[in-house]
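# Inside the fold
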Amino acid sequence: MSNMPAKEVLERVYGESEKSGKRFLHLATRFAENFGDAKVEFFTSPGRTEMIGNHTDHNGGKIVAASISLDTIGAAAANGTGSIRIRSEGYDLIDVEIAAASSVEKKSGTRALIAGMIEAIGKFGFVVDGFDAYVTTEVIAAAGVSSSASFEMLFCAMVNALFNENKMQLSDCARIGQYAENNFWMKSSGLMDQMACAAGGAILLDFAEDIKCEKIDASFDALGYDMVIVNTGKGHGDLSHEYSAVPGEMYQVAGALGVKRLCESSMEEFIKKIPEITAVLNNDRAVLRALHFYEENRRVEEAAKALAKGDGATVLRLLTESGNSSWKWLQNCMSKSNENDQKVALTLALTELYLGKIHDGCCRVHGGGFAGVILAVVPKDKTAEYADYIAAFVGKENVYPMQIRQTGAVCLSR
């Protein structure tokens with residue numbers, strides 16, 4: 001118990017210490033019940049939101065993302081056994097022998113993810129040894145706020161503090177999570193989710209060359225708004241072909257421009273060549289998606305500056321423009337495979353009706369799209385009213401008010 005996070009630490013991270021203190025006390029109790037007495041360290045890792053920069057990273061674009069106030073927390077202690085044992089609340093114990101990690105079956109859920117991170121940590125020149133951990137989370141699964149990346153960055157924070165004297169940098173942790181997803185989940189993930197969970201606060205990411213990350217001093221709370229994530233009720237399970245078509249078609253346009261990725265050309269060059277590109281590709285949607293890429297990059301840069309200045313009106317305008325572009329140009333607010341099921345578009349339409357009545361706020365598709373969640377930005381004095389309004393359509397359990405969190409994935413007890 002001596003390593004329990006101090007009250008002032010909890011106040012800094014969570015804005016309060018009573019509710020969060022009870023969460024960590026519960027964590028300590030459950031760790032002891034599962035693993036016995038040990039000198040335990042406590043960790044937190046937030047989920048993330050993508051504010052603007054929808055479907056641009058794969059073609060070398062830019063994104064403004066941020067950590068959110070929903071987080072994954074864990075208690076961990078070295079065990080000296082050569083095995084990592086993790087119990088997530090509500091799930092069975094996972095036990096991975098470090099020496100045998102590379103032989104763990106791929107795609108075997110969290111077990112594969114842990115094995116992939118073990119392998120990556122060694123490949124990247126860092127140390128990993130046996131430890132026990134008990135984990136619980138508030139980060140919504142399958143809702144576009146990166147519950148998997150939140151867990152990955154929590155795992156990295158544990159390994160960093162327990163065995164590496166905190167020498168692993170943010171980019172190291174992000175690449176470890178990416179490696180595990182790419183090679184053990186066989187999922188072609190980028191780095192945006194991991195970077196946003198690890199860094200804390202809002203960040204401007206540039207994927208044109210080696211990933212660049214710039215912190216932005218930004219807070220919707222300071223602007224007088226809350227973010228509200230709304231889960232529209234349809235998952236992403238059968239939509240992989242829709243997601244892969246977005247980068248695929250952008251790559252086709254890039255190829256017609258004589259480059260590998262759209263970031264290597266310009267909007268001006270593209271517009272001049274649209275007649276010949278449409279003739280070659282015979283795919284107007286690909287051209288529209290490329291137009292979205294170039295305009296979205298411009299909006300991202302403007303939004304980053306507006307956030308840093310605290311210019312709320314400009315931020316809302318740009319987020320609205322970005323959401324409209326995703327809906328009309330990128331076309332990721334409904335699925336072609338089931339055109340009658342348009343829950344994202346319907347939830348956006350209902351939200352637009354509400355925001356039109358109060359003449360404030362904005363909304364947009366959140367993350368990959370086609371299904372899943374939307375993001376609404378609502379004046380703080382209207383958050384409860386909007387939550388009740390939209391809950392009538394999606395259910396109260398699918399409405400999550402939240403804020404940008406300034407603390408990334410860290411150890412809270414050191």
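Refer to the structure presented above.
Procedures and definitions
- Residues numbered from 1 in each chain as written.
- Predicted model: local features only at pLDDT ≥ 70, side-chain atom pairs only at ≥ 80, totals over all residues.
- Heavy atoms only, no water.
- Helix = DSSP H or I, 4+ residues; strand = E, 2+ residues; numbered from the N terminus.
- Rg over C-alpha atoms; globule rule 2.2 N^0.38 Å.
- Contact = heavy atoms within 4.5 Å.
- Areas by Shrake-Rupley, 256 points an atom, 1.4 Å probe, with all protein chains shown as cover.
- Lys, Arg positive; Asp, Glu negative; His and termini not counted.
- Charge placed at Lys NZ, Arg CZ, Asp CG, Glu CD.
- Pairing = 2+ DSSP bridges.
- Axes fitted to C-alpha atoms, helices over the stretch in contact; angles between N-to-C directions.
- Buried < 20%, exposed > 50% of the residue type's maximum accessible area, 1.4 Å probe, protein only.

Moving on to the overall build of the protein chain. Along the backbone of the protein chain there are 13 helices and 12 strands. For 414 residues, the compact-globule estimate of 2.2 N^0.38 gives 22 Å, and the C-alpha radius of gyration of the protein chain, at 22 Å, lies within 12% of that figure. The dimensions of the protein chain, computed from C-alpha atoms along their principal axes, are 70 × 50 × 40 Å. Here the analysis covers contacts within the protein chain between residues at least 6 apart in sequence; of these, 73% occur between residues at least 24 apart. Accessible area for the protein chain stands at about 17400 Å²; split by element, carbon and sulfur atoms hold 50% of it. In the protein chain, 42 positive and 53 negative side-chain charges are present, and the distance between their average locations comes to 1 Å.

This part covers the sheet that holds strand S9 (residues 362–366). The strand order S9-S10-S8-S11 describes an open sheet built from four strands, whose pairing is antiparallel. In the strand order of this sheet, the two ends are held by S9 and strand S11 (399–402), each with one partner. Going from strand to strand, the sheet's axes swing by 25° on average, the running direction of each strand aside. Taken together, the seven bridges between strand S8 (residues 225–231) and strand S10 (residues 373–379) define a ladder with antiparallel strand orientation. Residue pairing in the sheet places Val230 in a bridge with Ile374 of S10.

Quick look at the pairing of strand S7 (residues 212–216) now. The side chains of a regular strand alternate between both faces of the sheet. Inspection of the sheet shows strand S6 (residues 202–206) paired to S7 by five bridges, in the antiparallel sense. When the sheet's bridge partners are listed, Leu204 is paired in S7 with Glu214. Between the antiparallel neighbours S6 and S7 lie five residues.

Quick look at unusual backbone geometry now. Residues other than glycine seldom take positive phi values, yet Asn166 does so here, at roughly 55°. Among the secondary structure elements, Asn166 is positioned in the loop between helix H4 (147–163) and helix H5 (170–184). What makes Asn166 partly exposed here is its relative accessible area of 46%. Look at Asn282: it is not a glycine, yet its phi comes out positive at around 50°. A relative accessible area of 71% places Asn282 in the exposed class.

Function-wise, these values are silent; they only describe arrangement.
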